[in-house]
Amino acid sequence: MGRSRASLHLALFPFPLQGHITPMMQLASLLHSRGFSITIVHAHFNAPDPRNHPHFRFESFADGIDPDLVAGMGIMDQVYTIIAHCEQPLVSLMKRIQSGDEFVDCIVSDSLYSGGRVAGELGLPWVVLRTNSPTSFMLFGSFVLLHQLGYLPVKDPEAMIKELPPFRVKDLPIVEDNQTERFFKTMTEVVDSTLKSSAILMNSFDKLEQPALDWIRSRTQAPVYLLGPLCATYSAANPGTMFQQDRSCLTWLDRHAHGSVIYISIGSVATMSPAELVELAQGLGDCQHPFLWVIRPGSVKSEESVRFLDRFADETKDRGCMVKWAPQTEVLAHPAVGVFMSHCGWNSTLESICAGKPMLCWPAFGDQKVNTRMICHVWGNGMEMGEKLESEKVKNSVRELIMGEKEGKKIREKARLLQELALDSLKVGGSSHTAVNELKAHISSLNSPNCESN
Ligand code: UDP
């Protein structure tokens, strides 16, 4: 009790998937820059590289996860497997840490972990980081109501949810697999437990998602802090990427005119069918714009597709650059990039907003569909590809977004305005900057047995 020290010591638990590791490591840097001591407590599976973060302490636990097995699973099976393998070793490791001199004052966990359970066993306050948007959180938290209202399980994907405009049933953050009820139950539990934490941290910024924030704040006693966009608080190139970045594409971009290149990436999990691959390649071929295309290993499964891509790369080498993994934030910030064709994961969406780039949205599953709806129908900084990827649509959309004088111009303008709003929130006195100060005061005031307010 009452062991005091110069700075508060936080233990951060990143959930070991790319879209979760990145914002947690960005948050860690932000909190460190505001005076907290940081320990990253992580699984061996998809472990972040301590060499990229010399200011943090790292503690890891063996999880027994077989990476090859997990690589062949759908996203929710990956999530269930990680939870099943990680939660107990995480508790054991934290108990060991707490019995030593480097005890922590507060836990900051990804919301997919049962941080409340860990914190409860250790008698520590517990703060949650949500790595997707407040709006997605609201929709996950509405699953029970949507069942009661008859929208779920899905019968009519086109139906407008009049209680939750502007969403249609097909925009809901659902992952279709053979265990849909388990998915609904899991996400409902994640929302319920997050609402019971000591504070909720959101990677978003003021003025972007007010209805969702009102929804969240009316359901929790915990303060909700909008700290984002976290990607723009982070200056180093690599916040903890699981893949090797190919930085040669930055030099390639240097050779192209401002706003002329289309950048294509579907993130760290989504995949593409052979037919979609051919349509996209044909659309890129036809639109005549230079393109930078990330083909993540495993995102294209068939051998024939791999051979097709080799031929395509050869035929388009004057105009195209294909890499396995790009330094995405730097790519998006590059003046040559005119459009981002994206699966609309939340990190990618925020990165595009911060770079002021218009988006061509092609969501695959889950919260990507929510983000797409927000981008195309609320914020106006992007255009929807539609569910079926067709070469003609790719060609026309890219041309419109790069140089269109009507819809394209409006979207480009919205993207620039949104960028301004996002970056303003991070300036001294801006809402996200101020929220970090408030969070610091809140954590200091929490009733930790180890914590004396400093
Ligand atoms: N990313 C990257 N290089 C790539 C593709 C993606 O660094 O070639 C990063 C991207 O910047 C983002 C993350 O991977 O931070 C993907 O997260 P997101 O939430 O967009 O999607 P997910 O991978 O979770 O589906």
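Up top you'll find the structure we're talking about.
All figures in this text were calculated on a predicted structure; none of them were measured in a lab. (Residues numbered from 1 in each chain as written. Predicted model: local features only at pLDDT ≥ 70, side-chain atom pairs only at ≥ 80, totals over all residues. Heavy atoms only, no water.)

Q: Which parts of the structure should I look at to understand the pattern of salt bridges?
A: Between side chains of opposite charge, a pair can form when the charged atoms approach closely. Taken as a whole and judged by the stated rule, the model has 20 salt bridges. Each member of the salt-bridge network shares a partner with another, and the members are Glu87, Lys95, Arg117 and Glu121. (Salt bridge = Lys/Arg side-chain N within 4 Å of Asp/Glu carboxyl O.)

Q: Can you walk me through the nonpolar core in this structure?
A: General note: in soluble globular proteins, nonpolar side chains tend to be found buried as a group. Met94, Phe183 and Leu292 are the most contacted members of the largest nonpolar core, which has 96 residues in total. Looking at which element gives the most residues to this core, the answer is helix α3 (residues 75-98), with 11 residues. Ignoring any residue separated from it by four or fewer positions in sequence, one finds methionine 94 in contact with Ala11, Phe13, Val41, Val104, Ile107, Val118, Leu122 and Leu124. Of all hydrophobic cores here, the second largest spans 29 residues; its members include Tyr225, Ala435, Leu439 and Ile443. (Core = buried A, V, L, I, M, F, W, Y, C linked by side-chain atoms within 4.5 Å. Buried < 20%, exposed > 50% of the residue type's maximum accessible area, 1.4 Å probe, protein only. Helix = DSSP H or I, 4+ residues; strand = E, 2+ residues; numbered from the N terminus. Contact = heavy atoms within 4.5 Å.)

Q: Is there a simple way to explain the site of the ligand in this structure?
A: What surrounds the ligand is a group of 18 residues, the closest being Ser268, Ala326, Asn347, Ser348 and Glu351. A distance of 2.6 Å separates a nitrogen atom of the ligand from a polar backbone atom of alanine 326. Take serine 348: an N or O atom from its side chain is 2.5 Å from an oxygen atom of the ligand. Burial of the ligand by the protein chains amounts to 91% of its free accessible area of 540 Å². When contributions to the shell around the ligand are tallied by element, the ones reaching two or more residues are α1 (18-33), β8 (261-265) and α13 (346-355). The element that contributes the greatest number of residues to the shell around the ligand is α13, accounting for 4 residues. Residue classes in the shell around the ligand are distributed as 5 nonpolar, 12 polar and 1 charged. (Near = heavy atom within 4 Å. Polar contact = N/O pair within 3.5 Å; in protein donor to acceptor, adjacent residues only side chain to side chain. Areas by Shrake-Rupley, 256 points an atom, 1.4 Å probe, with all protein chains shown as cover. Nonpolar A, V, L, I, M, F, W, Y, C, P; charged D, E, K, R; others polar.)

Q: Sorry if this is basic, but what is going on with the pairing of strand β11 (residues 337-342) here?
A: Every regular strand shows the same layout, with side chains that alternate between the two sheet faces. When you tally the buried positions in β11, you get 6 out of 6 residues, the bulk of the element. Relative to β11, β8 runs parallel, the two sharing 5 bridges. In the strand pairing of β11, isoleucine 262 is matched with valine 339. Note that β11 and strand β12 (residues 359-361) share 3 bridges and pair parallel. The partner of methionine 341 across the bridge, within β12, is leucine 360. In this fold, β11 hands off to α13, which returns the chain to β12; that crossover is right-handed. (Pairing = 2+ DSSP bridges. Right-handed = clockwise from strand over helix to strand, strands pointing away.)

Q: Please explain unusual backbone geometry as it appears in this structure.
A: Geometrically, the link from proline 165 to proline 166 is a cis peptide bond, its omega value of 5° lying close to zero. With respect to the helices and strands, the residue proline 166 is situated in the loop between α6 (143-148) and α7 (180-195). The residue after glycine 228, namely proline 229, is reached through a cis peptide bond having omega 0°. Relative to the elements of secondary structure, proline 229 occurs in the loop between β7 (224-226) and α9 (248-254). Backbone geometry places asparagine 46, a non-glycine residue, at a positive phi of 50°. Considering the arrangement of structural elements, one finds asparagine 46 in the loop between β2 (37-43) and β3 (57-61). In this structure, cysteine 344 takes a positive phi of about 70° despite not being glycine. Looking at the secondary structure, you find cysteine 344 in the loop between β11 and α13. Look at cysteine 344 and you get buried, because its relative accessible area is 0%.

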